[in-house]
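The residues making up each chain are set out below.
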2 protein chains.
Amino acid sequence: MNAWKEYQESNKERFLNEMLDLLRIPSVSAKSEHKNDMITCAEAVKARLLEAGADKVDIYPTDGHPIVYGEKIIDPTKPTVLVYGHYDVQPAEPLDLWNSPPFEPTIVDGKVFARGSCDDKGQMYMHIKVLETLVKTNTLENNIKFCIEGEEEIGSPNLGKFVSTHKELLKADCVLISDSAMISLDTPSIDIGVRGLSYIEVEVTGPNRDLHSGVYGGAVANPITILAKMIASLHDENNHITIPGFYDDVVVATAEERALMAKAPFDENEFKTDLGIKEIWGEKGYTTNERTGIRPTLELNGIWGGYTGEGAKTVLPSKAFAKISARLVPNQSSDKITDILINHLQKIAPANVTVKASLHHGGEPYMTPIDSKAYQAASKAMETTFGVAPIPVRGGGSIPICALFEQELGIKIVFMGFGLDSDNLHSPNEKFNIANFYKGIETIPYFHKYFTELS
Amino acid sequence: MNAWKEYQESNKERFLNEMLDLLRIPSVSAKSEHKNDMITCAEAVKARLLEAGADKVDIYPTDGHPIVYGEKIIDPTKPTVLVYGHYDVQPAEPLDLWNSPPFEPTIVDGKVFARGSCDDKGQMYMHIKVLETLVKTNTLENNIKFCIEGEEEIGSPNLGKFVSTHKELLKADCVLISDSAMISLDTPSIDIGVRGLSYIEVEVTGPNRDLHSGVYGGAVANPITILAKMIASLHDENNHITIPGFYDDVVVATAEERALMAKAPFDENEFKTDLGIKEIWGEKGYTTNERTGIRPTLELNGIWGGYTGEGAKTVLPSKAFAKISARLVPNQSSDKITDILINHLQKIAPANVTVKASLHHGGEPYMTPIDSKAYQAASKAMETTFGVAPIPVRGGGSIPICALFEQELGIKIVFMGFGLDSDNLHSPNEKFNIANFYKGIETIPYFHKYFTELS
């Protein structure tokens, strides 16, 4: 199989530069101002797929941002792998914390710094270069389909409709996704689960206008203070979520799984040093890996209200807002938790304010069975190129479309993530190690080989 | 004395238009981008004072925005009234809530809508037109000095130095200030006290960078949640402030004063309807007027952290911020309360975050004795033009320079406020009733007359 390695070695600079070009397009799905950048990015993905050897690529418009579908069918009777990825990225704010412009990829110490470098353009692009590798070396032995969407970072509001109305087009034997992380190049790992999500926004209204905090201060309920009291009540002194019913459907991890998780290397001092924190934090009775893996959480993603500008303004504001999201584990339901969250916030709001709460987006948790062909092929592929078998771990993030694919297409999803937790996903200075980019391109062809053999 | 009324009637349109011109200058002291507007405004005040008949006007530079000093000395042996006012205004944000541009004065139903119309350009300008009235009708019988600063809305950081180094220049027998409100044209009132202020900003830092709320959520202390818990702990279930020592120096109002305050008209339903609130709120055991008058308060003026833009971003932020201010009553000390606030916030911060807290500005509370010549003259003046004696009330706002003037110049301050609590001070759609503007110009000449007679 050295043909793969040889081809990749002699084209590696081009592979990298093509990926950097993709990162230069500010495809921020959350912001309407980037609508045209989204179209530009979708067309770039289509062009790269065709160059790589796909025999059919189409851009499907949606009510939101378009979906790119591509395929290379060598023989309909052979196994088919559906590669899912996304070309949209998170907003880059706060911009002043970036060491280099988020959409001007900058290479430092073998790392590509840019929004989307790891999540997910860089990882998605590995699969396009794998297709090229297999086609150009005449070693493709299965069918490969690509479904690359532009709305993952806003909750894939239009993917469900696309999948359910294109089941035949998307028909495959498994879904392969590289939109997650592994522990390290020395200790490869595979996510066997992702958490679900319920992301809401809350608006607390007190008086009908901003008031002078001297003239009215002390005699009118302050929406910031009320919102703070509401938020403070959501966790108890053990950082356990206090919302009635929140934990009802949580599947308690077995002692076996917790023991297996405990095998994953975790250096508390390294963790604290990397994040610059003095103490770790979380739900009492669980380790850090368990807190992000097998337990649901409730996080404040944003808060604002009153005067937030330079200097001082003595105002008692009319409104205060917060963005709040819960991460869910099997068998919690995103819809059910969203209702529980919204109803609870309405319920605990005192009579002197009005509370509006609404859903931004949600997604179901997902687990991949270790005994599935897809998992086995992924594990064997990584063992082949890393020289050591990967550890199965639970990922803390969410890939809401997993449950969707399984439900609509009746197939399993496998995650081959080549990013690192330290890649600053969703943060300033997001990065992707070039070594990981090449390692992914080196490894994924073996997945196709082994999955075809196992099928 | 009809000469006053005659002169004012025949010039009223010009008086109003001159005031509108002053409101067109965006003299926002809190924002560095308005530095030149501040100078333009100071020069406009100087020009108007000279036109009105002042025989000497100078603009004194400070480390911040300049101070305008003017005087009309008819006879050094006669009583001297020092008029204090300010030409700076609060920031106009949030702009989208204004029905007309904040710096394009718009007249609707006899009200001037513009930032600074009531606080304090409009009220300050009444005194300039009173000087003109007295000079042009040759009825000035006392000396008048003007000290018009440009930093009142940011806590007068440079006025103290100016006053202490210009005691001879500012020498007077009382300070007259129109920077407050009265109950209504039917029920005139005079503030006999203003609250002090301690305005701080808090920064809570968790991890050293924004994190992915899925990858890290549940395992790292969220600074927004921590800040919310800190804020929530500052008031108990009776809306009593929980900070140890906060109430130590509060002078408890006498039963007599509380009985007198109870005489001031207050319609709870009108109050609720005006503010659009379902219930009143405040410290248990006190009326609304007492809560804003004789009791200290702690208000959240602003809060921000994480992602506050359009859509959703699944981030666990590095930092969260809040602007918090306390209103103080005799004999609380601004410096002491500031120390208590900052130390308390540091003390209640958990070990997994870092808290920075610093002072924006402060000011001491002040009380005007009812038996002072200045108060007697003000009361008699209002009774003359309103036909009814004004009610002495406690104002909820702060005029930090009061204590300063009394301390440095050894004279009493009297407040003749012609605004209304409903004038939206510091809020969108700030207004000043034209009728109140004219009533002030009609009334203030009598203050000078009676104060001179009583002296």
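What you see as residue numbers is a count from 1 along each chain, following the sequence as written. Written order decides the labels, with chains lettered from A and ligands numbered from 1. Local features in a predicted model are, by the rule used here, given only for residues with pLDDT of at least 70; side-chain atom pairs are given and counted only at 80 or more, and totals for whole chains, interfaces and linings are based on all residues. Side-chain measures were taken over the full set of non-hydrogen atoms in the model, leaving aside hydrogen atoms and water.

Asker: I keep staring at the relation of the copies chain A and chain B and nothing clicks. Help me out?
Answerer: Put simply, the two copies of the chain differ by a rotation about an axis and a shift along that axis. Take chain A, turn it by 180°, move it 0.0 Å along the axis, and it overlays chain B with an RMSD of 0.1 Å. Between the two chains, the operation in question is that of a two-fold axis. Should any heavy atoms of two residues lie within 4.5 Å, those residues are considered in contact. Of the interface residues in chain A, 100% have counterparts in chain B that sit at the interface too, so the contact is made through matching surfaces. Here the copies are matched by least squares. The fit uses the C-alpha atoms of residues with pLDDT of at least 70 in both.

Asker: Honestly, the sheet that holds strand 4 (residues 106–108) of chain A in this entry has me stumped. Any pointers?
Answerer: Within a sheet, neighbouring strands are paired by backbone hydrogen bonds and run either parallel or antiparallel to one another. Residues and elements named next belong to chain A. Being paired, for any two strands, means DSSP has found at least two bridges between them. The helix count covers DSSP runs of H or I at least four residues long, the strand count covers runs of E at least two residues long, and both are numbered beginning at the N terminus. Spatial ordering of the open sheet is given by 4-5-18, a layout of three strands whose pairing is antiparallel. Strands with a single pairing partner mark the edges of an open sheet, and in this sheet they are strand 4 and strand 18 (431–433). For this sheet, the mean angle separating the axes of adjacent strands, direction not counted, is 25°. Summarising the sheet, strand 4 and strand 5 (residues 111–113) pair through three bridges and their orientation is antiparallel. Pairing of V108 across the sheet is with K111, part of strand 5. For helices, the fitted axis covers only the stretch in contact; all axes are lines through C-alpha atoms, and the angles between them, taken along N-to-C directions, range from 0 to 180 degrees.

Asker: For this particular structure, what's the right way to read the packing of helix 1 (residues 2–9) of chain B against helix 14 (residues 434–454) of chain B?
Answerer: Think of two packed helices as two axes; the pair is described by the angle between the axes and how far apart they sit. Residues and elements named next belong to chain B. Interaxial distance between helix 1 and helix 14 falls to 10 Å at its minimum, and their mutual angle equals 150°. Here helix 1 lies roughly antiparallel to helix 14, going by the angle between them. Between helix 1 and helix 14 lies a crossing whose hand is right-handed. Residue-level contacts link W4, K5 and Q8 of helix 1 to I441, E442, P445, Y446 and K449 of helix 14. Angle categories: roughly parallel below 35 degrees, roughly antiparallel above 145, roughly perpendicular from 65 to 115, and oblique for all the rest. Definitions for this section: a left-handed crossing has its near helix turned counterclockwise from the far helix by less than a right angle. A right-handed crossing has that turn clockwise.

Asker: What's the story with the UniProt feature "domain: Peptidase M20 dimerisation" (unreviewed entry) in chain A in this structure? I'm lost.
Answerer: UniProt positions are given in the numbering used here, feature names are shortened, and annotations may be inferred rather than shown by experiment. Mapped onto this structure's residue numbering, the UniProt feature "domain: Peptidase M20 dimerisation" (unreviewed entry) falls at residues 200–351 of chain A. For the annotated span residues 200–351 of chain A, helix accounts for 31% and strand for 20% of the residues, and the straight-line distance between the end C-alpha atoms is 22 Å.

Asker: I keep staring at the packing of helix 12 (residues 373–386) of chain B against helix 14 of chain B and nothing clicks. Help me out?
Answerer: Residue and element names in this part refer to chain B. Orientation of helix 12 relative to helix 14, taken along the N-to-C sense of each, is 135°, at an axis distance of 8 Å. One element, helix 12, and the other, helix 14, form an angle in the oblique class. Considering how the two elements wind past one another, helix 12 and helix 14 form a crossing that is right-handed. Here helix 12 contributes K373, A374, Q376, A377, A378, K380, A381, M382, T384, T385 and F386 to the contact with helix 14, which in turn contributes K439, E442, T443, Y446, F447, Y450, F451, E453 and L454. Here the contact of helix 12 with helix 14 is composed, by residue class, of eleven nonpolar, four polar and five charged. Gly counts as polar in this scheme, as do all residues outside two lists: the nonpolar Ala, Val, Leu, Ile, Met, Phe, Trp, Tyr, Cys and Pro, and the charged Asp, Glu, Lys and Arg.

Asker: Just to check I follow, could you spell out helix 3 (residues 35–52) of chain A for this structure?
Answerer: In an α-helix, one full turn covers 3.6 residues, which means residues spaced three or four apart are oriented alike. Residue and element names in this part refer to chain A. With 18 residues, helix 3 extends 26 Å from end C-alpha to end C-alpha; this agrees with the ideal 26 Å at 1.5 Å per step. For helix 3, every residue scored as buried is listed here: M38, C41, A42, A44, V45, L49 and A52. Here the buried residues of helix 3 occupy an arc of 160° about the axis, which is enough to place them on one side. Immediately downstream of helix 3, the backbone of G53 shows phi near 120°, a positive value. Every helix has an expected span of 1.5 Å times one less than the residues it contains. Accessibility here uses a 1.4 Å probe with only protein chains present; expressed as a share of the type maximum, an area under 20% marks a residue as buried, one over 50% as exposed, and anything in between as partly exposed. This arc is taken over the directions from the axis of the helix to the C-beta atoms.

Asker: Can you help me understand the domain arrangement of chain A in this one?
Answerer: One frequently used descriptor of interface size is the decrease in accessible area upon assembly of the parts. Residue and element names in this part refer to chain A. For chain A, the domain assignment lists domain 1 (2–194 + 366–454) and domain 2 (196–250 + 296–363). Summarising the inter-unit geometry, the C-alpha centres of domain 1 and domain 2 are found 35 Å apart. Facing ten residues of domain 1, the contacting portion of domain 2 comprises seven residues. Note: buried area is the sum, over both parts, of the accessible area (probe 1.4 Å) each one loses when the two are combined. Here domain 1 meets domain 2 over a buried area of about 570 Å², counting both sides, of which 53% is carbon and sulfur. Any Lys or Arg side-chain nitrogen found within 4 Å of a carboxyl oxygen on Asp or Glu counts as a salt bridge. Between domain 1 and domain 2 we count zero salt bridges in total. A per-class count over the side of domain 1 that touches domain 2 returns four nonpolar, four polar and two charged. The domain boundaries here were taken from an automatic or database domain assignment.

Asker: In this structure, what is going on with helix 2 (residues 12–23) of chain A? I would like to understand it.
Answerer: Helix length check: helix 2 of chain A (twelve residues) gives 17 Å between terminal C-alpha atoms against 16 Å at 1.5 Å per residue, within 8%. Within the sequence span of helix 2 of chain A, burial applies to A:F15, A:L16, A:E18, A:M19, A:L20, A:L22 and A:L23.

Asker: Please clarify how the interface of chain A and chain B should be interpreted in this entry.
Answerer: Residue-level contacts link 92 residues of chain A with 92 residues of chain B. Carbon and sulfur atoms make up 53% of the area that chain A and chain B hide from each other, which totals about 7,700 Å². Taken as a group, A:W281, A:I303 and A:K313 account for 9% of the area that chain A buries against chain B, more than any other trio of residues on that side. One can count two salt bridges joining chain A with chain B. Any pair of nitrogen or oxygen atoms within 3.5 Å is treated as a polar contact; in protein, a donor-acceptor pairing is required on top of that, and neighbouring residues in sequence qualify only through side-chain atoms on both sides. Linking chain A to chain B there are 49 residue pairs in polar contact (both at pLDDT 80 or more). It is strand 11 (residues 297–306) of chain A that contributes the most residues to the side of chain A that touches chain B, nine residues altogether. Class assignment of the residues belonging to the side of chain A that touches chain B gives a composition of 34 nonpolar, 37 polar and 21 charged. Across five bridges, strand 11 of chain A lies against strand 11 (residues 297–306) of chain B in antiparallel orientation.

Asker: Just checking my understanding: could you explain the pairing of strand 7 (residues 174–177) of chain B for this structure?
Answerer: Walk down a regular strand and you will see the side chains alternate between the two sheet faces. All names here are of chain B. Residues C174 and L176 line one face of strand 7 and the alternating positions V175 and I177 line the opposite face, and both faces are buried. Direction of pairing for strand 3 (residues 80–86) relative to strand 7: parallel, over a ladder of four bridges. By the bridge assignment, V83 is partnered in strand 7 with L176. Summarising the sheet, strand 7 and strand 17 (residues 412–415) pair through four bridges and their orientation is parallel. Paired with V175 across the bridge in strand 17 is I413.

Asker: Hey, could you run me through the environment of B:Y286 in this one?
Answerer: Residues and elements named next belong to chain B. With respect to the helices and strands, the residue Y286 is situated in the loop between helix 9 (268–275) and helix 10 (288–293). Separated by 120 residues in sequence, Y286 and H166 have C-alpha atoms that sit 42 Å apart. The residues contacting Y286, other than those within four sequence positions of it, are R258, R291 and R295.

Asker: I would appreciate a short explanation of unusual backbone geometry in the present structure.
Answerer: Keep in mind that most residues, glycine aside, have a negative phi and that most peptide bonds are trans. Of the consecutive residues A:D119 and A:D120, the connecting peptide bond is found in the cis state with omega at 0°. Position of A:D120 among the secondary structure elements: in the loop between strand 5 and helix 4 (121–136). Note the cis peptide between B:E93 and B:P94, where omega equals 0°. Tracing the backbone through its elements, the reader meets B:P94 in the loop between strand 3 and strand 4 (106–108).

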